[in-house]
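One-letter residues, chain by chain:
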Amino acid sequence: MSNNAKNIVIDLESPATLYYCAEPAQAIQKNAVHLLGFGFDGTACFRKGAVKGPNSLREVSDGIESYSPYQHADTAECNLYDIGNLKLGSGDVESQWLSATRDFEHQFGDLDIQKNGVKLITLGGEHSISYAPIKKYLDAYPDLVLIHMDAHADLRDGYEGFHYSHASIIRRVVDHFGPKHELIQYGIRSGTREEYEWMMTNNTVMQSRKEFLDRIAVIAADQPIYVTLDLDYFDPSFFPGTGTPEPGGEDFHSYISLIKILVEKNLVGADVVELAPDIDSTGNSAVFAAKVVRELILAM
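Residues numbered from 1 in each chain as written. Predicted model: local features only at pLDDT ≥ 70, side-chain atom pairs only at ≥ 80, totals over all residues. Heavy atoms only, no water.

A. Examining the packing of helix α6 (residues 209–217) against helix α7 (residues 252–262) more closely. Where α6 meets α7, the closest approach of the two axes is 9 Å, and the angle between their N-to-C directions is 15 degrees. The orientation of α6 with respect to α7, classified from their angle, is roughly parallel. Here α6 runs over α7; the crossing is right-handed. Contact residues: α6 offers Arg209, Phe212, Leu213, Ile216 and Ala217, while α7 offers Ser254, Ser257, Leu258, Ile261 and Leu262. Per-class residue counts for the contact of α6 with α7 are 7 nonpolar, 2 polar and 1 charged. (Axes fitted to C-alpha atoms, helices over the stretch in contact; angles between N-to-C directions. Helix = DSSP H or I, 4+ residues; strand = E, 2+ residues; numbered from the N terminus. Parallel < 35°, antiparallel > 145°, perpendicular 65-115°, else oblique. Left-handed = near helix turned anticlockwise from the far one by under 90°. Contact = heavy atoms within 4.5 Å. Nonpolar A, V, L, I, M, F, W, Y, C, P; charged D, E, K, R; others polar.)

B. Local environment of the pattern of salt bridges. All chains considered together, the criterion is met by 10 salt bridges. When the shortest N-O distance is used, the salt bridge between Arg172 and Asp157 registers 2.9 Å. With Arg172 in helix α4 (residues 169–174) and Asp157 in the loop between β7 (145–149) and α4, this residue pair connects regions lying 15 residues apart in the sequence. Taking relative accessible area as the criterion, Arg172 reaches 4% and is therefore assigned buried. Look at Asp157 and you get partly exposed, because its relative accessible area is 48%. Residue Asp175 is joined to Arg172 by a salt bridge in which the shortest nitrogen-to-oxygen separation is 3.1 Å. The class for Asp175 is partly exposed, based on a relative accessible area of 47%. One connected set of salt bridges, linked through shared partners, spans Asp157, Arg171, Arg172 and Asp175. (Salt bridge = Lys/Arg side-chain N within 4 Å of Asp/Glu carboxyl O. Buried < 20%, exposed > 50% of the residue type's maximum accessible area, 1.4 Å probe, protein only.)

C. Representation of the packing of α7 against helix α8 (residues 284–299) within the structure. One way to put it is that α7 packs onto α8 with a least axis distance of 9 Å and a crossing angle of 10 degrees. Our classification of the angle between α7 and α8 gives roughly parallel. Regarding α7 and α8, the two cross each other, and that crossing is right-handed. On α8, the residues that touch Phe252, Tyr255, Ile256, Ile259 and Leu262 of α7 are Phe288, Lys291, Val292, Glu295, Leu296 and Ala299. For the contact of α7 with α8, the class distribution of residues is 9 nonpolar, no polar and 2 charged.

D. Broad picture of unusual backbone geometry. With an omega dihedral of 20 degrees, the bond running from Gly124 to Gly125 counts as a cis peptide bond. Examined against the element boundaries, Gly125 turns out to sit in the loop between β6 (118–124) and α3 (131–140). Positive phi values are uncommon outside glycine, yet His72 reaches one of about 50 degrees. Within the secondary structure, His72 sits in the loop between β3 (67–68) and β4 (73–74). You can call His72 exposed: its relative accessible area is 62%. In the Ramachandran plot, Asp154 falls in the positive-phi region, its phi being about 55 degrees despite a non-glycine side chain. Mapped onto the fold, Asp154 is located in the loop between β7 and α4. Taking relative accessible area as the criterion, Asp154 reaches 5% and is therefore assigned buried.

E. Broad picture of the sheet that holds strand β2 (residues 32–38). Strand order in this open sheet of 8 strands is β1-β5-β2-β6-β10-β9-β7-β8, and the pairing throughout is parallel. The sheet is open, and its two borders are formed by β1 (23–24) and β8 (182–186), each paired with just one other strand. Relative to the sheet, helix α2 (residues 93–108) contacts β2, β5 (80–85) and β6, its axis offset from that of β2 by approximately 160 degrees. (Pairing = 2+ DSSP bridges.)

F. Summary view of the packing of aromatic side chains. Counted by the stated rule, this structure contains 13 aromatic pairs. Ring geometry for Phe104 versus Phe108: centroids 4.6 Å apart, planes at 20 degrees, classification stacked. Of this pair, Phe104 and Phe108 both sit in helix α2, 4 residues apart, roughly one helical turn. With respect to burial, Phe104 and Phe108 carry one shared label: buried. Note on Phe239 and Phe288: the rings are 5.5 Å apart at their centroids and 75 degrees apart in plane angle, and the pair reads as edge-to-face. In this pair, Phe239 sits in the loop between β9 (224–230) and α7 while Phe288 sits in helix α8, placing the two residues 49 residues apart along the sequence. A relative accessible area of 0% places Phe239 in the buried class. (Phe/Tyr/Trp six-rings, centres within 6.5 Å; stacked < 30°, edge-to-face > 60°.)

This is the structure we're talking about:
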């Protein structure tokens, strides 16, 4: 355990089992991958339900193989810990988000994640939950590449009264970019004219799968990468259990093509957001999302 790590209180609402073969932990461990839930969907503007995402992922993983045939690796052989869920507190939407975000900052604020080899996958929740972990990684890695996979640009300067809305997450983290930080976006197929003009002007959005995969392939092997993945990146015909579905998305095999590149890179952190399990009564979306997270764990 890191000498300056602080305890995170386990606060799981359900589960007899923890994600895949993760060990439950009440403190951050050195040289390990950590799973952290942030079950919040207060700024979701179309269909809510992502609040149940983290525990749904934990529950469904009990019925899924921990072995990946795509990477020939097993989470049972990983140094993997589940540190529970952040507490939302009470009050209105903004108060809940601030409470959990401050909880994250309290737990991780003084921790040198780079020096201690701490890798984190945050499980949402809607996309506004990504602000705290991404900001932490931007502060820790001055040359971080942020890969944003999403159906939506998320570059609005606030939305429906929320400065830190799920529709504003990329705008908010770009506020913290330094001169060597880089943003790469792919899967975007919905946004305002202003958002698209910003992406084109700043050359952040990839226009085809080939362009995207080729761009990731040329990132230096030692350059730190963080992935923020909104599950509406996938086509709703494959993944209907999300709050704001958009036709024209990617499939699982294209995602695996990315994973096979990332496994050769320096993937240091990620978040996976916008699973709303109750929207898909078949349970297929939760299984899909759990396998998406399994591959990220192993790519780390």
